[in-house]
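Analysis of the macromolecular model
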Amino acid sequence: MKNKEKMLFPVVCVLLLGLGVETGGFQLSVLQMAKEFRISTSSMGLMIGAQYGAIMLMPLIFGKCSDRWGKKYVILGAMLVFLAGCLLIIAAPGYGAVLAGIFVLGSGYSVCESTATAVLTDQFAQKAGGYISLTQSCFSLGAVAGPLLVDYGIRRFGMDWRLTFLMPAGLYACMLIPLLFTKVRPLRREAAPAGENKNKERRFRPDLVMGCLIFAMVIYVGIENGTGYFADTFLELDLQITGKASGVIAAFWSAMILSRIVSGILYRLKRKLLLICYTGSMMLLAGLYFVSDLSVVTLMFFLMGIFYGPVWPALMGIAAEEYPGRTGAVTGLMASACGAGGALFPVLMGWSLQLFGVRTSYLLMAALAGLAVAAILMLYRYLRGDWHIPSEK
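Fair warning: this is a prediction, and the values are worked out from it, not measured in the lab.

Some words on the environment of Met 334
Within the secondary structure, Met 334 is located in helix 14 (residues 327-356). Spatially, the C-alpha atom of Met 334 lies 9.6 Å from that of Phe 215, the residues being 119 residues apart in sequence. The residues touching Met 334, leaving out its near neighbours within four places in the chain, are Met 210, Leu 213, Ile 214, Met 217, Leu 315, Met 316 and Ala 319.

Here's the deal with the environment of Leu 348
Positionally, Leu 348 belongs in helix 14. Sequence-wise, Leu 348 and Gly 226 are 122 residues apart; in three dimensions their C-alpha atoms are separated by 9.3 Å.

Looking at the pattern of salt bridges
All told, the structure shown has 5 salt bridges when counted by the stated rule. With a shortest N-O distance of 2.0 Å, Lys 35 and Glu 236 are connected by a salt bridge. Here Glu 236 lies in helix 9 (residues 231-238) and Lys 35 lies in helix 2 (residues 8-37), a separation of 201 residues in the sequence. With a closest N to O distance of 3.2 Å, Arg 155 and Asp 151 form a salt bridge. With Arg 155 and Asp 151 both in helix 6 (residues 128-157) and 4 residues apart, this pair spans about one turn of that helix. According to the relative accessible area criterion, Asp 151 is buried, its value standing at 18%. Because the salt bridges share partners, they merge into one network encompassing Glu 36, Asp 160 and Arg 162.

What about the confidence of the model for the protein?
Predicted confidence across the protein gives a mean pLDDT of 82, with 84% of residues reaching 70 or more. Looking at the elements of the protein, mean pLDDT is at its lowest for helix 1 (residues 3-6), recorded as 62, and at its highest for helix 12 (residues 294-308), recorded as 94. In the model, residues 189-202 has pLDDT below 50 throughout and makes 12 contacts with residues more than four positions away in sequence or in other chains.

So, the packing of helix 8 (residues 208-229) against helix 12
The interhelical angle for the contact between helix 8 and helix 12, taken along N-to-C directions, is 160°, at an axis separation of 12 Å. Between helix 8 and helix 12, the angle falls in the class roughly antiparallel. Judged by the sense of rotation from one axis to the other, the crossing of helix 8 with helix 12 is left-handed. Packed against helix 8, whose contacting residues are Tyr 220, Ile 223, Glu 224 and Thr 227, the element helix 12 presents Phe 301, Met 304 and Tyr 308 at the interface. Here the contact of helix 8 with helix 12 is built from residues that sort into 5 nonpolar, 1 polar and 1 charged.

Conventions adopted
Residues numbered from 1 in each chain as written. Predicted model: local features only at pLDDT ≥ 70, side-chain atom pairs only at ≥ 80, totals over all residues. Heavy atoms only, no water. Helix = DSSP H or I, 4+ residues; strand = E, 2+ residues; numbered from the N terminus. Contact = heavy atoms within 4.5 Å. Salt bridge = Lys/Arg side-chain N within 4 Å of Asp/Glu carboxyl O. Buried < 20%, exposed > 50% of the residue type's maximum accessible area, 1.4 Å probe, protein only. pLDDT = per-residue confidence, 0-100. Axes fitted to C-alpha atoms, helices over the stretch in contact; angles between N-to-C directions. Parallel < 35°, antiparallel > 145°, perpendicular 65-115°, else oblique. Left-handed = near helix turned anticlockwise from the far one by under 90°. Nonpolar A, V, L, I, M, F, W, Y, C, P; charged D, E, K, R; others polar.

The following block contains the structure:
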């Protein structure tokens, strides 16, 4: 592999690190942003929903375009959009401008992440899975570092929540030139093997399998975002504890790094892990209703990170196995489900906070996790014909 091709992997690692910093930092900063602009908790949820609304829409629009125009140039364009969104938020005079900036940022965020993952597949072929896992580890590392760096900047240098967007903007500005000089291999289009029996493939159409997978993905992304983005609200408004949210969020994301590494090793057990993770998440979310001690809350957030980590790759893996030859369409739908969960749940969570309070909102999230358990059991029953977990392929 030539030197210009070797540059791609470290550049993508830095890009995913920057997205992680923004994600983790935003989770810490959303309450402080709401206080500065004097908005309600429902409007606070709308800020989060704006980012995930863009994440839901933009990959569907630009996914096919990247194959035509070239993935490197689509990533470069997405980086510029992400930078513009960060700068707009930093300079925003009011809530409306922040909301617009968040949508612009989310547009660049989503296209950059999805296209960078796709370009690794083109570049490294059979080894792409390992490279993609490493870049996702960089994302989780950034999500751990983001809230800690923002908290340190506020305490040590008197900065504010705008540091959340200043740091990834700086990383992306530094990566524009290296990516421009990076060589990206063209998309390989492989023909189907001669004599392949296409009738063996599951028809790609709305059915119980896809419905259960999409529903489970929407619930997963929703409860993950509800857990992380409202951690500061839970600590400060309900437990009356200030200045500790960065440690809680860092514990949450650190656990996700660990669990994703372990789930990669135990990938063949993904169907069993999926049930265990949803069930454990349901129990922990319900448990938040009853706890008030900071150390116990931190431990519970760490354990939730352990349970959340394997869910996304497990759902994607099952979808790809059940629709061989249709992976592009399937992963596009699943990505839209991710954006839908991220856009819908923070808004609903904001309304729930106003109506019922933080603890009851987490209890409602636990009930939704229970619905996801029911959907997974229904999926397994359909695939196997009974209520047992079907064997791994």
